[in-house]
Number of protein chains: 2
Amino acid sequence: MEFLNVSERAAISPEIAVSTVIFSLRRAPGAADDTPPRLWIPLVRRTRQPYRGQWALPGGPLGAQQSLAAAAAENLRTTTGLVPRYLEQLYAFGGLDRSPARRVVSIVYWALVRGADSNDDGPDAGAPHSELIEDPNVAWFPVDSDEVRAQLAFDHVEIVEYALWRLRNKVTYGKVAHRLLGDRFTLAQVREVYEVVLGTRLDPANFRRQLLSSPGLAETGEHLHGVKHRPPKLYRFEDPVDTPPSPAAHGAATASLQEGSLT
Amino acid sequence: MEFLNVSERAAISPEIAVSTVIFSLRRAPGAADDTPPRLWIPLVRRTRQPYRGQWALPGGPLGAQQSLAAAAAENLRTTTGLVPRYLEQLYAFGGLDRSPARRVVSIVYWALVRGADSNDDGPDAGAPHSELIEDPNVAWFPVDSDEVRAQLAFDHVEIVEYALWRLRNKVTYGKVAHRLLGDRFTLAQVREVYEVVLGTRLDPANFRRQLLSSPGLAETGEHLHGVKHRPPKLYRFEDPVDTPPSPAAHGAATASLQEGSLT
DNA sequence: CAAATAGTGTCTGTCAGACACTATAGT
DNA sequence: ACTATAGTGTCTGACAGACACTATTTG
């Protein structure tokens, strides 16, 4: 029987970890309703060296009987208590100097969950705000906050940057914006998602036309009331039928999740 | 000191392997010049179980001091003797049942190398044809051949399928077509690449206009002679200046390679 | 000159962006 | 009635696709 000590094992094959960048759209607690929401991500404070005490992306070593996407969904559930509305593999980071300790190859996923102020209620009715999470070592931060932009452990700043780039890309060419919202949404809410993610203002009339022409969008027949102007229609997205060739079969966390879809 | 036997080690962390899908554009050996070229990939015959004797993507376990892209470039060099003209991470495949033996997580790259009939000569003047490779366990196959579509080991059929999807995508939205050609090329050659990759016919006039408007394309002042019609101009691509946010810093095999660029 | 492809000119339908205008709720 | 946003109509410039036409080489 072959035996290996820890350093020999490390020399043969690096450790595999899975981390997840989880985006949600929300306003700062107590902020007025007319302030635009921002993108937030949950972080976990490290309790061990290296980078002890600093914030890092949720993640951990890959379990022996755990598919990659299942590990990512597990990160999501334990840090946010939520089920992802979108989950896609981002990239495998495998540089030699990512960690000052032993070498780790991180397979990173990115996910979208709905915000706390969606139009729906239900078992996954939005991510709770930070003060509602019991664990003091888990907290949400805006992606453009100092904690995220400069304080993260390892190479996680770069990872978040790349995840943001991918999100902007997907929102431009694809149709993932509504996954940050509830099941029922107004077109203005979708437009607000685009505006926050892309950082630009969009013409309401043209945006409406473009979105209405996309297949899968359906009226619910309901309207959103309580606003001090004409009540907008509520829409929903029927799941698109055609999925382009994609490695979705490998390790899909949930049957309803399509990974890598560009549509 | 901690000791682990082999099965315990496998239970803790799956093995990491790196494989590469290497595309080249070429005609069948001996084919006439006016037959359209096809996409070919090199395969390696497995000499060990599982799948002994079957063809598989070039690859192997990740070396302890080897970055991911470096491992992919190494696959490329040992199977084709070439330096990649494009190299990008494709996906990390980590399903539980990918191999009947111990669990392996494969980080797959895809690459473009130039074909044997480019307009240039030089140290990497095109991939040699299969008969020129010494190793009888390495051979090139068209991507739409039976060997590729149905005979590959592991889940490599699915991987090649996904790499093809990505190539078509990149060729549509990006500008990687010329990486299958030499440094100097005619616009008709680029159009032929598009036609082969996308499987459609393209209008020469409109394609020319579109390509001419892309930044970075420059005339060489030379013409391609020896054709029995008006000699076309030879162009080249100056490397684009702006690189979008991408994880290129991690494990880039060559400084001149931009990973993940969509431009 | 014939053949073949290089390369140019031009028309047309589609679509994104700009923006004026009407509709309908709350206050 | 006023305000704010929902939602419609319409114009324009850019551009992709279709296709006629000219240019220039080989044989």
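What counts and how
Residues numbered from 1 in each chain as written. Chains lettered and ligands numbered in written order. Predicted model: local features only at pLDDT ≥ 70, side-chain atom pairs only at ≥ 80, totals over all residues. Heavy atoms only, no water. Helix = DSSP H or I, 4+ residues; strand = E, 2+ residues; numbered from the N terminus. Buried < 20%, exposed > 50% of the residue type's maximum accessible area, 1.4 Å probe, protein only. Near = heavy atom within 4 Å. Polar contact = N/O pair within 3.5 Å; in protein donor to acceptor, adjacent residues only side chain to side chain. Nonpolar A, V, L, I, M, F, W, Y, C, P; charged D, E, K, R; others polar. Core = buried A, V, L, I, M, F, W, Y, C linked by side-chain atoms within 4.5 Å. Contact = heavy atoms within 4.5 Å. UniProt positions renumbered as here; feature names shortened; annotations may be inferred. Axes fitted to C-alpha atoms, helices over the stretch in contact; angles between N-to-C directions. Parallel < 35°, antiparallel > 145°, perpendicular 65-115°, else oblique. Phe/Tyr/Trp six-rings, centres within 6.5 Å; stacked < 30°, edge-to-face > 60°. Lys NZ or Arg CZ within 6 Å of the ring centre and 35° of its normal. Pairing = 2+ DSSP bridges. Salt bridge = Lys/Arg side-chain N within 4 Å of Asp/Glu carboxyl O.

Residues and elements named next belong to chain A. Within the element layout of this structure, valine 157 appears in helix α4 (residues 156–173). Note on valine 157: relative accessible area 26%, which makes it partly exposed. For the pair valine 157 and valine 190, spaced 33 residues apart in the sequence, the C-alpha separation amounts to 27 Å.

This brings us to the protein's contact with DNA strand D. Lining the immediate environment of DNA strand D, one finds 18 residues, of which Ala205, Arg208 and His229 of chain A together with Asn206 and Arg230 of chain B sit closest. Take the atoms of DNA strand D that sit within 4 Å of the protein: sugar and phosphate atoms are 60% of them. Between DNA strand D and asparagine 206 of chain B, the relevant distance is 2.8 Å, taken from a base nitrogen to a side-chain nitrogen or oxygen of the residue. Here arginine 230 of chain B contributes a side-chain N or O atom positioned 3.2 Å from a base nitrogen of DNA strand D. Of all the elements in the fold, those that place two or more residues in the surface near DNA strand D are α5 (187–198) and α6 (204–212) of chain A together with α6 (204–212) of chain B.

This part covers the protein's contact with DNA strand C. Contacts to DNA strand C come from 18 residues, most closely from Asn206 of chain A together with Ala205, Arg208, Arg209 and His229 of chain B. Of what DNA strand C places within 4 Å of the protein, 59% of the atoms are sugar or phosphate. Between DNA strand C and arginine 209 of chain B there is a distance of 3.1 Å, counted from a base oxygen to a side-chain nitrogen or oxygen. In the environment of DNA strand C, a phosphate oxygen lies 3.2 Å from a nitrogen or oxygen atom belonging to the backbone of lysine 233 of chain B. Within the residue set of the surface near DNA strand C, elements represented by two or more residues are α6 of chain A together with α5 (187–198) and α6 of chain B. Within the surface near DNA strand C, the residues separate by chemical class into 6 nonpolar, 3 polar and 9 charged.

Looking at soluble globular proteins, one finds that nonpolar side chains tend to be buried together. If you look at the biggest cluster of nonpolar residues, it comprises 126 residues, and the most contacted ones within it are Phe23 of chain A together with Phe23 of chain B. Aside from chain neighbours lying at most four places away, what touches phenylalanine 23 of chain A is Leu39, Trp40, Ile41, Trp110, Ala111, Leu112, Val113, Val143, Ala163, Leu164, Leu167 and Leu180 of chain A.

What follows covers the UniProt feature "domain: NrtR DNA-binding winged helix" (unreviewed entry) in chain A. According to UniProt, the feature "domain: NrtR DNA-binding winged helix" (unreviewed entry) maps to residues 179–237 of chain A in the numbering used here. With 36% helix and 20% strand, residues 179–237 of chain A has its two end C-alpha atoms placed 10 Å apart.

What follows concerns the packing of α5 of chain A against α6 of chain A. The relative placement of two packed helices comes down to the angle between their axes together with the axis-to-axis distance. All names here are of chain A. Look at α5 against α6: their axes get within 10 Å of each other, and the N-to-C directions meet at 105°. With respect to their mutual orientation, α5 and α6 come out roughly perpendicular. When α5 is examined against α6, the residues Leu187, Val190, Arg191 and Tyr194 are found in contact with a partner set consisting of Pro204, Phe207, Arg208, Leu211 and Leu212. Classifying every residue of the contact of α5 with α6 gives 7 nonpolar, no polar and 2 charged.

The next point concerns the packing of aromatic side chains. By the definition in use, this model includes 19 aromatic pairs over all chains. Centroid distance tyrosine 162 of chain B to tryptophan 165 of chain B: 5.6 Å. Interplanar angle 10°. Geometry classified as stacked. With tyrosine 162 of chain B and tryptophan 165 of chain B both in helix α4 (residues 156–173) and 3 residues apart, this pair spans about one turn of that helix. One exposure class covers both tyrosine 162 of chain B and tryptophan 165 of chain B, and it is buried. Among the aromatic residues, those joined into a ring-pair cluster are Tyr91, Phe93, Tyr162 and Trp165 of chain A. Above the plane of the ring of tryptophan 140 of chain A lies arginine 26 of chain A, whose end atom (NZ or CZ) is 4.1 Å from the centre.

Residues and elements named next belong to chain B. In terms of burial, strand β8 (residues 138–142) is a largely internal element, 5 of the 5 residues being buried. The side-chain alternation of β8 yields two buried faces, one formed by Val138, Trp140 and Pro142 and the other by Ala139 and Phe141. Relative to β8, strand β3 (residues 38–45) is paired through 5 bridges, and the arrangement is antiparallel. In the sheet register, proline 42 faces β8, and the bridge partner there is tryptophan 140.

Moving on, we get to the pattern of salt bridges. Applying the stated criterion across every chain, the model contains 28 salt bridges over all chains. The residue arginine 114 of chain A makes a salt bridge to aspartate 183 of chain A at a minimum N-O spacing of 3.9 Å. Pair noted here: arginine 114 of chain A is in the loop between β7 (104–112) and β8 (138–142) and aspartate 183 of chain A is in the loop between α4 and α5, with a separation of 69 residues, a long-range link. Given a relative accessible area of 4%, arginine 114 of chain A falls into the buried group. The partner of aspartate 146 of chain B in a salt bridge is arginine 149 of chain B, with the nearest N and O atoms 3.5 Å apart. With aspartate 146 of chain B and arginine 149 of chain B both in helix α3 (residues 146–150) and 3 residues apart, this pair spans about one turn of that helix. Judged by relative accessible area, which is 51%, aspartate 146 of chain B ranks as exposed.

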